[in-house]
Amino acid sequence: MLERFALGAEIAFQPLSLLMMLLGVAWGILGGALPGISGSIAMALLLPLTFGMNPAVALMMLAGVYIGAMYGGSITAILISTPGTPGAAATVIDGYALHKKGMSGKALGVSLITGTIGGIVSVFILVALAVPLSKVALAFGPPEYFALGAFGLALISSFVGRDLVKGAISAVLGLIIATAGTDPFSGTPRFTFGAIDLLSGVELVAGMIGLFAVSEMLHQIAEGSAWERIKGKFTTNLPTLVELWRLRIATFIGIVMGTIEGLLPGGGGAIAAFISYNEAKRWSKHPEEFGHGSLEGIAAPETANNVVTGTAMIPLLTFGIPGSNGAAIMLAAMLLHGIRPGPQLFQGTPQIVYGLFVGMLIANVMMLVLGFIALRPSIAIVNVRPPLLYASILALVLVGAYSISNRMFEVWVVLITGIIGYGMRRFGFNILATVLGLVLGFMVEANLRRSLLISLGNPWVFFTRPISAGLLAFAIFTLLWPIVRQVRDDRRARRALAPTQA
Amino acid sequence: MRRADFYIGLGLLAVALVYFQQSFSILRGFASDRLGPAFFPRMLALLLAALALTLIIRAGAGRSDPSRPPTIRAGMLAAVLGVLVLYAAVLPALGFLIATPLMLAAIIWSLGLRAWASLAAAALGVTVVLWFVFARMLHVLLPPGLL
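This report concerns the structure included in the present document. (Residues numbered from 1 in each chain as written. Chains lettered and ligands numbered in written order. Predicted model: local features only at pLDDT ≥ 70, side-chain atom pairs only at ≥ 80, totals over all residues. Heavy atoms only, no water.)

1. Structural notes on the pattern of salt bridges
Two side chains with opposite charge may pair up if their charged atoms get near one another.
All names here are of chain A.
Move 1: In the structure shown here, the tally under the stated rule is 15 salt bridges over all chains.
Move 2: The partner of R449 in a salt bridge is E445, and the shortest N-O contact between them spans 2.8 Å. One end of the pair is R449 and the other is E445, both in helix α21 (residues 431-454) and 4 residues apart, which spans about a single turn.
Move 3: For R449, a relative accessible area of 2% puts it in the buried group. (Salt bridge = Lys/Arg side-chain N within 4 Å of Asp/Glu carboxyl O. Helix = DSSP H or I, 4+ residues; strand = E, 2+ residues; numbered from the N terminus. Buried < 20%, exposed > 50% of the residue type's maximum accessible area, 1.4 Å probe, protein only.)

The following block contains the structure:
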């Protein structure tokens, strides 16, 4: 164990790694501060630049972006009441109230320090859970992996977004896109419509850039409202130790909620941030301050969203199931470099996993320092006029898509998936489910076919093995629960109406 | 979104049918497994068809979300999409260094910015930065086109 950390530290402390992480964290803070650019979009925009890098360095840099974006999101949340990332939506409530009281510096400082604490604690949770879980994963055979994939897709279809039917459609669409290309089992082409470019399938990175970044740009252009300019000069003021001690309960709640959300596939910390905000209010000694500028109201959500950066890597590294959209981008980067997550990764190439662990610790410390330096550039970039910003981002996206394999095909993939993604977003579908379907398509199909190969065609193999049966039972429960709830609510509503009608 | 849901459902049903039908033109390889390369796609086609029917029936029965999607700046969106598609179409012929500043200028203009100085500066500046990063630092062979 210790020598593996030494191996990881050796890579993480190389000057090139440190430089790339520093650039990553800075890019993350700037992107996170921009309304519309979430952590995962900032990561997706940077992906094409990481192709040529050593895979360990590429992953550390992307993790740095993810970490930086969580703090960046709170800058705009506090200063102009517009969350820079979905994870900072809960921070708006008390952050903006503090800003109006002239305490923006303190609000930024609390966000920065509790975010750093959350980020560092989450790396320890990551190590503590991922290493033993990777040993559990060794016991997983094809039926278990199939069931795990089905469970992940069921969970994201039913809990993210409000509409189960549309969520499930979104996930199935992702799986369908993933089937195009060459069938990995028999080597026969399918759904290529005779196009040679499609033989290798839809490049995951291009699909993600389209679904995440292009669709968001189109959304901003079509429906977004202009945000305010940030006026005045601000500095980040760290809280005193006494103030920090008063935030311990809120921070602890953020850690717990962020850990839970990170472990389950789904959002990017937004849900954990809101739940933490509400729980922190419930457990607070001064709940009346919430909404009027409570520092606890910043500490809880900002801890939670930073904790997700680490804990979302747990299911990713051990089972190959991303715990958040940022982790999905990490998975795309891994596959691009030919790395398959799972227990073999811990055994075969420990320098990548442990490099990432050490790198994430360093990146959190970098964020603490850059949080002071990057505030002014972040404000400057938020004040750039939106047309200039959107045009530049779209240009970056298209060049990045071209650079994936030096051909126009990916440029078209990015545009088409971007348009589809925008349409889905507009009509209440669930882009995250599509991305997860796209990411897991190969894994789900391959393990379904492998399971039936070893069971000689007997479909009961999924139900006679306890772990697989349990996971599938959870999956079915997740899908049925919203329906049961709907029927129950309808019945209650009818019962409530009955007396007045009589 | 009732009407929208109804038509989206019909569209998805059509996608499911085409996808199902296409699965019959997959050749079965020699070294295939029991299920073959067409089984999983057919399963997905049936699943999508069932879900699309649910969407249609729900919209028809008036049980879907009645709220309307927010109004959009359709002209602006269409203009930007047009510029993006045109850019992708002419990029190989014109080359990166010619097509990109034109695309940037057209998008900035479509989004309503008329300050010519900043428009030109951004169009040229962003192109140079992207060219430097991708062509010089990452050695990507950007389309040379006319140059």
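Structure's up, so let's keep going.
2. What about the interface of chain A and chain B?
Move 1: Taken residue by residue, the interface counts 61 residues in chain A and 67 residues in chain B.
Move 2: Carbon and sulfur atoms make up 79% of the surface buried where chain A meets chain B, a total of about 5,500 Å² over both sides.
Move 3: Summed over the shared surface of chain A and chain B, the result is 2 salt bridges.
Move 4: One salt bridge connects K166 of chain A with D5 of chain B, and the closest N-O pair in it is separated by 2.8 Å.
Move 5: Between chain A and chain B we count 11 residue pairs in polar contact (both at pLDDT 80 or more) in total.
Move 6: Contributing elements (two or more residues each) for the side of chain A that touches chain B: α8 (164-179), β2 (189-190), α9 (204-223), α19 (386-405), α20 (409-426), α21 and α23 (466-501) of chain A.
Move 7: In terms of residue count, the dominant contributor to the side of chain A that touches chain B is α19 of chain A (13 residues). (Contact = heavy atoms within 4.5 Å. Buried area = accessible area lost by both parts, 1.4 Å probe. Polar contact = N/O pair within 3.5 Å; in protein donor to acceptor, adjacent residues only side chain to side chain.)

3. Things to note about empty space enclosed by the protein
All names here are of chain A.
Move 1: What the rule picks out here adds up to 1 cavity of 30 Å³ or more.
Move 2: Along its surface, the largest cavity is lined by 11 residues, and I156, S324, N325, L432 and L436 are the ones closest to its centre.
Move 3: Of all the secondary structure elements, the ones that give two or more residues to the lining of the largest cavity are α15 (325-336) and α21.
Move 4: Looking at the lining of the largest cavity element by element, the count peaks at 3 residues for α21. (1 Å grid on protein atoms, 1.4 Å probe; cavity = no way out; pocket = protein on both sides within 12 Å on 5 of 7 lines; lining within 4 Å. Points joined across faces, edges and corners; volume = space filled by probe spheres on them.)

4. Things to note about the side chain of T50 of chain A
Residues and elements named next belong to chain A.
Move 1: Note that T50 resides in the loop between α3 (39-46) and α4 (55-80).
Move 2: Residue classification places T50 among the buried positions, given a relative accessible area of 0%.
Move 3: Engagement of the side chain of T50 in a polar contact is seen with the backbone oxygen of L47, the distance being 2.7 Å.
Move 4: Apart from the residues lying within four places of it in its own chain, the contact partners of T50 are A58, M61 and H337.

5. Overview of the packing of helix α7 (residues 142-159) of chain A against α21 of chain A
Residues and elements named next belong to chain A.
Move 1: In contact at an axis separation of 8 Å, α7 and α21 are set at 155° when each is read in the N-to-C sense. As far as their axial angle goes, α21 and α7 are roughly antiparallel. Between α7 and α21 lies a crossing of left-handed hand. Two secondary-structure elements touch here, α7 through P142, P143, Y145, F146, G149, G152, L153 and I156 and α21 through L432, A433, L436, G437, L440, M443, V444, N447, L448, R450, S451 and I454.
Move 2: Here the residues of the contact of α7 with α21 are counted per class, giving 14 nonpolar, 5 polar and 1 charged. (Axes fitted to C-alpha atoms, helices over the stretch in contact; angles between N-to-C directions. Parallel < 35°, antiparallel > 145°, perpendicular 65-115°, else oblique. Left-handed = near helix turned anticlockwise from the far one by under 90°. Nonpolar A, V, L, I, M, F, W, Y, C, P; charged D, E, K, R; others polar.)

6. Examining the nonpolar core
Move 1: Formed by 214 residues in total, the largest nonpolar core has its most connected members in I169, L317, M330 and F357 of chain A together with I107 of chain B.
Move 2: It is α4 of chain A that provides the largest number of residues to this core, a total of 17 residues.
Move 3: Look past the residues within four positions of I107 of chain B in its chain and what remains in contact with it is A391 and L394 of chain A together with V80, V83 and L84 of chain B. (Core = buried A, V, L, I, M, F, W, Y, C linked by side-chain atoms within 4.5 Å.)

7. Structural notes on the packing of aromatic side chains
Move 1: Scanning the entire structure with this criterion turns up 13 aromatic pairs over all chains.
Move 2: Both rings, one in F151 of chain A and one in F474 of chain A, keep their centres 5.9 Å apart while their planes meet at 45°; by these two values the pair is tilted. Taken together, the positions of F151 of chain A in helix α7 and F474 of chain A in helix α23 put the pair 323 residues apart, joining distant regions of the chain.
Move 3: Note on F151 of chain A: relative accessible area 17%, which makes it buried.
Move 4: Among the aromatic side chains, those forming a connected cluster through ring pairs are F5, Y354 and F357 of chain A.
Move 5: In this arrangement the basic side chain of R42 of chain B is found over the ring face of F24 of chain B, its NZ or CZ atom lying 4.1 Å from the centre. (Phe/Tyr/Trp six-rings, centres within 6.5 Å; stacked < 30°, edge-to-face > 60°. Lys NZ or Arg CZ within 6 Å of the ring centre and 35° of its normal.)

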